[in-house]
Amino acid sequence: MKDEGQVSMRDKGIEKVIEAARLVLSGRAAVKDAVGEEAGRILGLGIPEPAGTFSRSHFPVTAFIGEALRHGVPETQPMLDVLAEVLPNLPWKYNYEPRGDMPDLGVKMAWGEIIGPEAPYRCSSFCFGFTMIAPDSLYPAHFHPAVELYYVLSGTAEWILNGKAALQKPGAFILHPANAVHAMRTGKEPLLAMYTWSGDDVVTLSQYVWENHGKD
Ligand SMILES: [Fe+2]
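Residues numbered from 1 in each chain as written. Predicted model: local features only at pLDDT ≥ 70, side-chain atom pairs only at ≥ 80, totals over all residues. Heavy atoms only, no water.

A. Quick look at the pairing of strand 6 (residues 147–154). Across the eight residues that make up strand 6, a large majority, eight, are buried. Bridge count between strand 6 and strand 9 (residues 173–176): four bridges; the pairing is antiparallel. Among the inter-strand pairings, Y150 is bridged to a residue of strand 9, identified as I174. (Buried < 20%, exposed > 50% of the residue type's maximum accessible area, 1.4 Å probe, protein only. Helix = DSSP H or I, 4+ residues; strand = E, 2+ residues; numbered from the N terminus. Pairing = 2+ DSSP bridges.)

Spelled out as structure tokens, the structure:
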């Protein structure tokens, strides 16, 4: 996410969040592994001009913003500090098809995207946003063609990748390769995490595994 000097039309709060993300990714990019490589790749991408605006969201999961801001660690606090004023105004959404066995998923989780194909900073080559999941909730197994990098800001939760579960704390980076099946399960704390999507296809939406994974 390199700054191309086109700041005049940009939202100041959002700019601070992008700068905080750049710092976090820069630190991680110094480590020579797959996560560091992905962080470095994201840092090299240009930030688009905003095509939309930010306004207060009343999406259900925004009720957990205050709690999420209290469950960080010193390492994630700088980003939480700049997010406090921005999170209520992100374009939160839940965009899976409804599923009858878990009708309240859209109440328990959402993502607010700053950069992406439908985000205020319009871009079809990478995405940047935040995922929020309520306490005691399961984000069921899903997959997507985009490569996904998460950075946990607040809340310790169980993260499952290709059937292997691990507890991840604030400060952790998690890399989901293209089309890898992954899931998250929160405990007593809400989960707030930064994410990026990159790769050949960041437009195709995520799908739950039970719907049609492996059928073609
Ligand atoms: Fe994902």
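Further notes follow.
B. Local environment of the coordination of the iron ion. Donor atoms from the polypeptide that bind the iron ion are H144 (NE2), E148 (OE), E148 (OE) and H182 (NE2), placed at 2.1 to 2.5 Å. Considering all four donor atoms around the iron ion, the spread of angles at the metal, 54 to 141 degrees, places the coordination shape in the irregular class. Look at where the donors of the iron ion fall in the sequence and you get H-x3-E-x33-H. Of this pair, E148 sits in strand 6 while H182 sits in strand 10 (residues 182–186); the two residues are 34 residues apart in sequence, bridging distant segments of the chain. For E148, a relative accessible area of 4% corresponds to the buried category. Residue classification places H182 among the buried positions, given a relative accessible area of 1%. (Donors = N, O, S within 2.8 Å, 3.2 Å for Na, K, Ca; no water. Tetrahedral: all angles 85-135°; square planar, octahedral: opposite > 155°, others 65-115°.)

C. Region of the structure containing the pairing of strand 10. Along strand 10, four of the five residues are buried, which leaves the element largely enclosed by surrounding structure. Across three bridges, the pairing between strand 5 (residues 138–143) and strand 10 is antiparallel. Bridging across to strand 10, H142 finds its partner in H182. Relative to strand 10, strand 7 (residues 157–161) runs antiparallel, the two being bridged by five bridges. Counted as the bridge partner of I160 is A183 from strand 10.

D. Examining the side chain of S154 more closely. Along the chain, the position of S154 falls in strand 6. For S154, a relative accessible area of 0% translates into the label buried. In this structure the side chain of S154 is engaged in a polar contact, spanning 3.4 Å, whose partner is the backbone oxygen of H71. Setting aside chain neighbours within four positions, we find S154 in contact with A68, H71, G72, L80, P170, P190, L191 and L192. (Polar contact = N/O pair within 3.5 Å; in protein donor to acceptor, adjacent residues only side chain to side chain. Contact = heavy atoms within 4.5 Å.)

E. Seen up close, the packing of aromatic side chains. Enumeration over the complete set of coordinates arrives at eleven aromatic pairs. Ring centres of Y94 and Y96 lie 5.6 Å apart, and the angle between their planes is 45 degrees; this geometry places the pair in the tilted category. For the residue pair Y94 and Y96, the accessibility class agrees, reading buried in each case. Measuring from centroid to centroid gives 6.0 Å for Y96 and Y139, while their planes differ by 85 degrees, and the two rings are edge-to-face. Taken together, the positions of Y96 in the loop between strand 1 (92–93) and helix 5 (105–108) and Y139 in strand 5 put the pair 43 residues apart, joining distant regions of the chain. Exposure class is identical for Y96 and Y139. Each is buried. By the ring-pair criterion, three or more aromatic residues cluster together here, those being Y94, Y96, W111, Y139 and Y208. Here the guanidinium or amino end of R28 rests over the ring plane of F173, the centre of that ring lying 5.6 Å away. Over the ring of Y208 we find R99, and its NZ or CZ is 4.8 Å from the ring centre. (Phe/Tyr/Trp six-rings, centres within 6.5 Å; stacked < 30°, edge-to-face > 60°. Lys NZ or Arg CZ within 6 Å of the ring centre and 35° of its normal.)

F. A look at the state of the cysteines. In the structure shown here, the tally under the stated rule is zero disulfides. C127 supplies the cysteine sulfur nearest to C123, a cysteine that is in no disulfide, at a spacing of 7.2 Å. For C123, a relative accessible area of 10% gives the class buried. (Disulfide = S-S within 2.5 Å.)

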